[in-house]
Amino acid sequence: MLYSTHHNKNTNEDPKTSVVFENLLLFPDNIFWEILKKSAANKNILPEDAGLLLDRFEFWPRWDPCSSYDTGNSNYVEPDIFFRFEKVDIIVEAKYSDISGQYREEWEREFKAYLNEYETDKKKVVLLAVGGNSTFTKEPELKVENHKCPIIKYSWASLLDAVLDYEKRELSKIKNDNQSSIKRIVRNVEIGFNNIGIYKYKKKVEIKGLSSLYVLGKLFHTAIKYETDLYSVSPYKEDMKAEHYGYQFRIDPKDGRRKQLWLSIALWINEQEVISIEARNEDNWAGKLCKIIENGKMFTSKYAKKPYAEGNSYYFDAKEKLYEDFESAETFDAQVEIIRKYINDICVYYLK
């Protein structure tokens, strides 16, 4: 955490920002840019090539709050990082959580302060909102008079995933001694992410008091990607909001007698970490299943509370027994099997 220590920034998201980006900055410019582009929620906004990263990069710059455009601040405006590439300027606003904390008013202040400093340069500028995003829907551009600034959202986990993807694709190709340092940089980056609670390796997931969505995402993704003799299960879309984190997924029957079934599994973070499955009640099948679960005649009865309906969907909240078995499971793979069992009964009933 060189930069956060140097700037006496030792609280909240600042050490996290420092340890991640100071290591990413060690990559050659083209690799650093590739990681930024591939990990973005809105990839098409960033140019394919940003050019060289110029000497003008700074952690926690202090910008003029009111010379040309009034930001509402009296002393200064302080984004987390400013990068100047040949073809584009980058403002980074980072938040500690991967769930909430970003807000538009802060982005607007930083864009106005950027214009106070660099308006005459007439460069393209983009703001990266790293962490703290309750959704990953596209945001309207920031606009100040005739100036525009797109917003691109990131999760901390998506940055690590882009590094791991690069490692998988490219590291084995490095034969030149002049490039061997890249292998050490990748290792530094991964260790940096580990130190802030975002892991490459599959560790057991702690549901109660969950601090990292990355490992939970790996658990859900692994648990809903499998195949049996009767059906296959495949992830469809990650679903992240302020109040919950989960995955939508699809069941494909193999005999063709039933149509595809869509389900969702989520951890409801603001409700004491409740795991819930959502099933849409097409053809009333979910309603019938609820009665069987209530009568204790299925495996799911061990783990699911009495289902309840909201609109055209039924929700199956987990009982305390699921969390007890989950915590006592010895490995990540054993935890995956518990989640699969929770899902499997619903699938099997649907296919009858």
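In what follows, the structure referred to is the one given above.
This one's a predicted model, so the numbers in the text were calculated from it and none came from an experiment.

Q: Describe the overall build of the protein, naming the residues involved and giving the relevant values.
A: Scanning the protein from N- to C-terminus turns up eleven helices and 14 strands. Counting the 352 residues in the protein, one finds 52% classified as buried. For the protein, the proportion of contacts with a sequence separation of at least 24, taken over those separated by at least 6, is 62%. Summed over all atoms, the accessible surface of the protein reaches about 17400 Å², with 45% contributed by carbon and sulfur.

Q: Which residues make up the packing of helix α3 (residues 29–38) against helix α5 (residues 156–170), and what values do they have?
A: Where α3 contacts α5, the axes come no closer than 8 Å and their chain directions differ by 125°. When the axes of α3 and α5 are compared, the pair comes out oblique. Where α3 crosses over α5, the two elements pack in a sense that is right-handed. Of the residues in α5, those touching α3 at Ile31, Glu34, Ile35, Leu36 and Lys38 are Leu159, Ala162, Val163, Asp165, Tyr166 and Arg169.

Q: Give a detailed account of helix α2 (residues 14–24), specifying residues and quantitative values.
A: At 3.6 residues per turn, the α-helix brings residues three or four places apart onto the same side. Burial analysis of α2 places eleven of its eleven residues in the buried class, the great majority of the element. If you check which residues of α2 are buried, you get Asp14, Pro15, Lys16, Thr17, Ser18, Val19, Val20, Phe21, Glu22, Asn23 and Leu24.

Q: Before we move on, could you go through the nonpolar core and cite the residues and values that matter?
A: With 46 residues, the main nonpolar core has Phe21, Leu24, Phe27, Phe83, Ile90 and Leu159 as its most contacted residues. If one sorts the elements of this core by residue count, α5 sits on top with seven residues. With 33 residues, the next largest nonpolar core counts Phe249, Ala318, Leu322 and Phe326 among its residues.

Q: I'd like a rundown of helix α10 (residues 320–328), residues and numbers included.
A: Along α10, the residues classified as buried are Leu322, Tyr323, Asp325 and Phe326. Burial along α10 is one-sided: seen end-on, the buried residues are contained in an arc of 165°.

Q: Explain the environment of valine 77 residue by residue, including any values.
A: Checked against the element boundaries, valine 77 lands in the loop between β1 (53–59) and β2 (81–85). We classify valine 77 as buried; its relative accessible area is 3%. Leaving out residues up to four positions away in the same chain, valine 77 has contacts with Pro61, Arg62, Trp63, Pro65, Thr71, Arg109, Glu110 and Ala113.

Q: Which residues make up the sheet that holds β2, and what are the values?
A: The sheet built from five strands is open, its strands ordered β1-β2-β3-β4-β7 with mixed pairing. Each edge of the sheet is formed by a strand with only one pairing partner; in this case those strands are β1 and β7 (151–154). Within this sheet the neighbouring strands show an average axis-to-axis angle of 20°, counted without direction. Sheet topology note: the β2/strand β3 (residues 89–94) ladder contains four bridges and is antiparallel. Pairing of phenylalanine 83 across the sheet is with isoleucine 90, part of β3. Taken strand by strand, α2 contacts β1, β2, β3 and β4 (125–130), and its axis lies near 170° from that of β1. On the sheet, helix α4 (residues 104–118) packs against β1, β2, β3, β4 and β7 and is oriented at approximately 145° with respect to β3.

Q: Report on the pattern of salt bridges, specifying residues and quantitative values.
A: As enumerated under the stated definition, the model contains 16 salt bridges in all. A salt bridge links glutamate 34 to arginine 169; the shortest N-O distance between them is 2.5 Å. Of this pair, glutamate 34 sits in helix α3 while arginine 169 sits in helix α5, and the two are 135 residues apart along the sequence. Relative accessible area serves as the criterion here: at 24%, glutamate 34 is assigned to the partly exposed category.

Q: Explain the packing of α2 against α5 residue by residue, including any values.
A: Where α2 contacts α5, the two axes come as close as 12 Å, and the packing angle between them is 25°. Accordingly, the angle class assigned to the pair α2 and α5 is roughly parallel. In this structure, α2 meets α5 at a crossing whose hand is left-handed. Contacts between α2 and α5 involve Lys16, Thr17, Val20, Phe21 and Leu24 on the former and, on the latter, Trp156, Leu159 and Val163.

Q: Describe the environment of serine 18, and please don't skip the residues or the numbers.
A: Mapping serine 18 onto the fold places it in helix α2. C-alpha separation for the pair serine 18 and isoleucine 81, spaced 63 residues apart in sequence, amounts to 9.2 Å.

Q: Just give me the short version of the pairing of strand β10 (residues 244–253), but keep the residues and values in it.
A: In terms of burial, β10 is largely enclosed, as eight of its ten residues are buried. Where strand β9 (residues 231–240) lies against β10, nine bridges are found, and the strand directions are antiparallel. If you follow aspartate 239 over to β10, its bridge partner there is glycine 246. Here eight bridges tie β10 to strand β11 (residues 261–268), and the two strands are oriented antiparallel to one another. Paired with histidine 244 across the two strands is tryptophan 268, which belongs to β11.

Q: If you had to explain the side chain of threonine 71 to someone new, which residues and values would you point to?
A: As for its position among the elements, threonine 71 is in the loop between β1 and β2. The exposure class of threonine 71 is buried, given its relative accessible area of 9%. When near neighbours in sequence (up to four residues on either side) are disregarded, threonine 71 contacts Pro65, Val77, Arg109, Lys112, Ala113 and Asn116.

Q: Please provide a residue-by-residue account of the packing of aromatic side chains, values included.
A: Each aromatic ring pair is summarised here by two numbers: the centre-to-centre distance and the angle between the ring planes. Per the stated rule, a full pass over the model turns up 13 aromatic pairs. Measuring from centroid to centroid gives 5.6 Å for phenylalanine 59 and tryptophan 60, while their planes differ by 50°, and the two rings are tilted. Among the aromatic residues, those joined into a cluster by ring pairs are Phe21, Phe32, Trp33, Phe83, Phe85 and Trp156. Residue placement shows lysine 16 over the ring face of tyrosine 96; its charged tip is 4.5 Å from the ring centre.

What counts, and at which threshold
Residues numbered from 1 in each chain as written. Predicted model: local features only at pLDDT ≥ 70, side-chain atom pairs only at ≥ 80, totals over all residues. Heavy atoms only, no water. Helix = DSSP H or I, 4+ residues; strand = E, 2+ residues; numbered from the N terminus. Buried < 20%, exposed > 50% of the residue type's maximum accessible area, 1.4 Å probe, protein only. Contact = heavy atoms within 4.5 Å. Areas by Shrake-Rupley, 256 points an atom, 1.4 Å probe, with all protein chains shown as cover. Axes fitted to C-alpha atoms, helices over the stretch in contact; angles between N-to-C directions. Parallel < 35°, antiparallel > 145°, perpendicular 65-115°, else oblique. Left-handed = near helix turned anticlockwise from the far one by under 90°. Core = buried A, V, L, I, M, F, W, Y, C linked by side-chain atoms within 4.5 Å. Arc of directions from axis to C-beta. Pairing = 2+ DSSP bridges. Salt bridge = Lys/Arg side-chain N within 4 Å of Asp/Glu carboxyl O. Phe/Tyr/Trp six-rings, centres within 6.5 Å; stacked < 30°, edge-to-face > 60°. Lys NZ or Arg CZ within 6 Å of the ring centre and 35° of its normal.

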